[in-house]
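# Working through the structure, step by step
Spelled out from the first residue to the last, the chains are:
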Amino acid sequence: MTTLAHDSATLTRDALTVLQPGFTGTTAPDWVLRRLGEGLASVGLFGRNIATPEQLGALTAQLRAERDDVLVAIDEEGGDVTRLEVRTGSSFPGNLALGAVDDPELTRAVARELGRRLAECGVNLNWAPSADVNSNPDNPVIGVRSFGAEPGLVARHTAAYIEGLQGAGVAACTKHFPGHGDTAVDSHHALPRIDAGLDTLTARELVPFRAAVAAGTKAVMSAHILLPALDPDLPATLSPAALHGLLRRPVADGGLGFDGMIVTDGMEMRAIADAYGIERGSVLAIAAGADAICVGGGLADEGTVLRLRDALVTAVIEGRLAEERLAEAAARVRALGEWTRRAGGPRAAHGIEPAAGVGLAAARRALRVTPAGSSSSSSTSTSFSSSYEPVTGPAYVAAFTPVANIAVGEETPWGVGAELARLRPGTGAATYGRQDADTLGVHGLIENMLDTAGDRRIVAVVRDVHRHPWMADALDALLAARPETVVVEMGVPQAPPAGALHIATHGAARVCGRAAAEVIVGNGAGDHPGG
């Protein structure tokens with residue numbers, strides 16, 4: 001008989017410790033509470049788990065009653081990607097808006113207030129910020145989630161965001177290593193590939209991550225992307241060359257010298273699940289140097305947790321995963337949990353002065369306003385007063401709506417309709433998508449829009465118009481028929497400004513919509529206090 005040297009209880013506990021699962025419901029299921037007692041050290045929260053700040057606080061207290069060092073993680077980037085305000089839109093602009101302002105102190109203040117609100121609700125790990133350099137304007141999944149396309153700008157704002165967030169006692173998780181900005185594929189759906197050489201990666205993608213490590217980020221999230229310059233076969237999440245060889249390697253040897261927790265992006269994303277399966281993928285990720293497995297955005301049940309736990313234990317027993325590597329990964333998770341226990345939570349939030357209006361103030365500063373016939377833009381709402389006629393009565397908001405990527409989700413409202421209706425009662429709104437353009441044709445879509453709008457001023461809201469030919473064609477046809485139309489671009493402002501007034505908000509957060517609505521009706525940036 002062969003006697004195994006492995007302590008099965010320790011193996012099982014370590015395997016549970018490295019998992020970051022999700023669950024359904026606004027209270028913790030019994031299985032989550034039970035597994036916390038058996039070694040589970042982290043959970044991930046999504047919009048489905050959150051109804052109100054009070055409810056979220058009760059949920060995290062319920063989890064912490066079972067384990068006081070539990071990591072409660074959330075994907076709260078602010079801007080387009082919000083879980084705290086998934087049903088209303090965020091009180092904070094996202095990264096591209098902050099990068100457009102390019103005031104690191106403002107970025108630090110926004111992140112600190114966001115961290116304060118998370119800590120007040122008992123959330124202590126944020127899967128943010130995105131440190132991706134959005135060098136490909138056709139990127140379907142990063143876009144406004146990036147601070148910008150210039151590595152130095154992204155680096156200084158990544159560092160400021162980390163300092164603000166962690167100053168509130170919430171651990172930052174910088175993503176998506178080694179950089180998801182130069183991709184034309186969404187890794188939720190397939191495996192992206194970046195063919196840049198090592199010199200380019202060093203000068204572009206890695207610059208913000210080096211700044212993040214220097215700023216003390218507590219965690220880094222890996223990307224499900226293939227970079228042949230690093231590893232011709234395995235995506236970064238599964239690649240020892242990317243994680244152990246580059247991210248962990250000492251700076252003196254050309255690495256980033258990161259010694260904190262490495263967490264994977266969601267393992268049920270098709271870039272991993274389709275090619276490897278989540279069980280094998282999780283084993284390969286831990287073996288490659290990851291410390292925590294994020295799963296639960298789509299698979300949010302106890303069965304998934306048990307499958308991954310058992311896959312890790314079996315891999316150790318069969319010699320496919322070193323027991324020491326699993327133990328090291330579990331130790332890093334526990335170490336971060338201990339840091340958050342000491343530094344985070346509601347006590348940390350109570351020591352920080354609230355800054356309720358900082359999000360709206362940032363959104364106002366991020367606006368770039370271009371009047372008709374102008375080749376330059378302004379960040380203020382006063383320079384165009386002689387050439388633009390503000391909307392004084394009810395308007396009609398036509399939102400040209402692309403399919404939302406999974407990271408953003410379709411449940412979060414966006415646009416300017418609600419905010420404009422608040423300022424100009426009687427304002428109506430409707431959404432128009434690619435299916436409408438395909439069914440009605442561009443001419444038919446615009447005729448329908450004009451009939452519905454009547455004599456009301458039209459405000460056309462677009463999102464990444466440069467990436468959607470149907471949207472660009474429809475906007476051109478609308479402006480030909482109604483040249484007095486106001487255009488609000490709430491995505492990446494890559495296309496030339498158009499319309500009687502063009503407003504680039506650099507994101508679709510609720511506060512971005514409010515800031516744009518103020519300009520549309522002719523109010524100065526300081527006329528409406530609040531957040």
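A few words on the sheet that holds strand β14 (residues 501–504). Pairing is mixed in the open sheet, where six strands are placed in the order β9-β14-β13-β12-β10-β11. What marks the edges here is a single partner per strand, and that holds for β9 (368–371) and β11 (428–432). Neighbouring strand axes in the sheet, compared pairwise and without regard to direction, differ in orientation by 15 degrees on average. Of the pairings in the sheet, the one linking strand β10 (residues 395–400) to strand β12 (residues 457–462) comprises five bridges and is parallel in character. Bridging from a neighbouring strand, A398 pairs with A460 of β12. Running at roughly 170 degrees to β10, helix α17 (residues 434–453) makes contact with β10, β11 and β12 of the sheet.

Glancing now at the nonpolar core. Grouped together as the largest cluster of nonpolar side chains are 93 residues, with contacts concentrated most on L63 and F177. The element contributing the most residues to this core is helix α12 (residues 302–317), with seven residues. In this view, F177 contacts L206, F209, V220, M221, S222, A223, A236, A242, L243, L246, L247 and L256; residues no more than four positions away in its chain are not counted. Core analysis: the second largest hydrophobic core is formed by 29 residues, A399, L423, M490 and V521 among them.

The share of residues in the protein with pLDDT of 70 or more is 92%, and the mean pLDDT across the chain is 91. Long-range and interchain partners of residues 379–385, a stretch whose pLDDT sits below 50, account for 14 contacts in this model, where long-range means more than four residues apart. Segment residues 525–531 is flagged for pLDDT under 50; beyond a separation of four residues in sequence, or across chains, it makes 21 contacts in the model.

As a further point, take the pattern of salt bridges. Tallied over the full model, the rule gives 39 salt bridges. Of the charged contacts in the structure, one is a salt bridge between K175 and E77, with a shortest N-O distance of 2.7 Å. Taken together, the positions of K175 in strand β5 (residues 171–177) and E77 in the loop between β3 (71–74) and α4 (95–101) put the pair 98 residues apart, joining distant regions of the chain. The residue E338 makes a salt bridge to R342 at a minimum N-O spacing of 3.7 Å. Of the two residues, E338 and R342 are both situated in helix α13 (residues 323–343); the distance of four residues between them amounts to about one turn of the helix. For R342, a relative accessible area of 54% gives the class exposed. Within this structure, R248, D259, D291, R325, E328 and R332 form a network of salt bridges that share partners.

Ordered in space as β2-β3-β4-β5-β6-β7, the six strands form an open sheet in which the pairing is parallel. Each edge of the open sheet is held by one strand with a lone partner, namely β2 (42–45) and β7 (261–264). Here β3 pairs with strand β4 (residues 125–126) via two bridges, running parallel. Within the sheet, the bridge partner assigned to I74 lies in β4 and is N126. Against the sheet, helix α6 (residues 151–167) contacts β4 and β5, and its axis sits at roughly 150 degrees relative to β5.

Applying the stated criterion across every chain yields a total of two cavities of 30 Å³ or more. In this structure, the largest cavity occupies an estimated 40 Å³ of space. E77, G78, G79, D80, V81, G94, N95, V144 and R145 together form the lining of the largest cavity. In terms of residue class, the lining of the largest cavity is built from two nonpolar, four polar and three charged.

About the thresholds
Residues numbered from 1 in each chain as written. Predicted model: local features only at pLDDT ≥ 70, side-chain atom pairs only at ≥ 80, totals over all residues. Heavy atoms only, no water. Pairing = 2+ DSSP bridges. Helix = DSSP H or I, 4+ residues; strand = E, 2+ residues; numbered from the N terminus. Axes fitted to C-alpha atoms, helices over the stretch in contact; angles between N-to-C directions. Contact = heavy atoms within 4.5 Å. Core = buried A, V, L, I, M, F, W, Y, C linked by side-chain atoms within 4.5 Å. Buried < 20%, exposed > 50% of the residue type's maximum accessible area, 1.4 Å probe, protein only. pLDDT = per-residue confidence, 0-100. Salt bridge = Lys/Arg side-chain N within 4 Å of Asp/Glu carboxyl O. 1 Å grid on protein atoms, 1.4 Å probe; cavity = no way out; pocket = protein on both sides within 12 Å on 5 of 7 lines; lining within 4 Å. Points joined across faces, edges and corners; volume = space filled by probe spheres on them. Nonpolar A, V, L, I, M, F, W, Y, C, P; charged D, E, K, R; others polar.

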